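Report on the structure
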Amino acid sequence: MVTESPRAAACESDELLGQVRTLRQDADLMEAYARRLRDTAATLSGRPAAPEWSRATLEQQAAACATAADQLRTAAQALLAHARG
């Protein structure tokens, strides 16, 4: 049977925790993108020069970013549980 040394396990745990931080940072970025897209959609709303499809498209993209943020946070939480496991 192969066993892992405590030092190797600690290194792996540190790497996993680094990945958790990265996933959470990416989730924060996706939330920020969603806000910016919604703000842009609101700014363009009612402006005659803006194409009619632009608001709906921006809202769809914002929703996709919000979904991605949720999924990234879920992945981070699962990875954190694994790292602590």
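Calculation criteria
- Residues numbered from 1 in each chain as written.
- Predicted model: local features only at pLDDT ≥ 70, side-chain atom pairs only at ≥ 80, totals over all residues.
- Heavy atoms only, no water.
- Helix = DSSP H or I, 4+ residues; strand = E, 2+ residues; numbered from the N terminus.
- Polar contact = N/O pair within 3.5 Å; in protein donor to acceptor, adjacent residues only side chain to side chain.
- Contact = heavy atoms within 4.5 Å.
- Expected span 1.5 Å × (residues − 1).
- Buried < 20%, exposed > 50% of the residue type's maximum accessible area, 1.4 Å probe, protein only.
- Salt bridge = Lys/Arg side-chain N within 4 Å of Asp/Glu carboxyl O.

Before going further, it helps to spend a moment on the side chain of S54. As for its placement among the helices and strands, S54 is situated in helix α2 (residues 52-84). At 2.7 Å, the side chain of S54 forms a polar contact with the backbone oxygen of P51.

Turning next to the environment of A83. Positionally, A83 belongs in helix α2. Placed 69 residues apart in sequence, A83 and D14 show a C-alpha to C-alpha distance of 8.5 Å. Among all residues touching A83, those that are not within four sequence positions of it are S13, L16 and L17.

To continue, consider α2. Under the 1.5 Å per step criterion, the end-to-end length of α2 is 50 Å for 33 residues, consistent within 8% with the ideal 48 Å. Inspection of α2 places S54, L58, A62, C65, A69, A76, L79, L80 and A83 among the buried residues, and these make up the whole buried set.

Taken as a whole, this structure holds two salt bridges when the rule is applied. Among the salt bridges present, the one from D28 reaches R73, with a minimum N-O distance of 2.3 Å. Taken together, the residues span a long stretch of sequence, with D28 in helix α1 (residues 6-44) and R73 in helix α2 at a distance of 45 residues. Residue D28 is classed as partly exposed on the basis of its relative accessible area of 41%. For R73, a relative accessible area of 29% gives the class partly exposed. For R73, the salt bridge identified is with E31, shortest N-O distance 3.0 Å. In this pair, R73 is assigned in helix α2 and E31 in helix α1, connecting sequence segments 42 residues apart. A single salt-bridge network, built from bridges that share partners, covers D28, E31 and R73.

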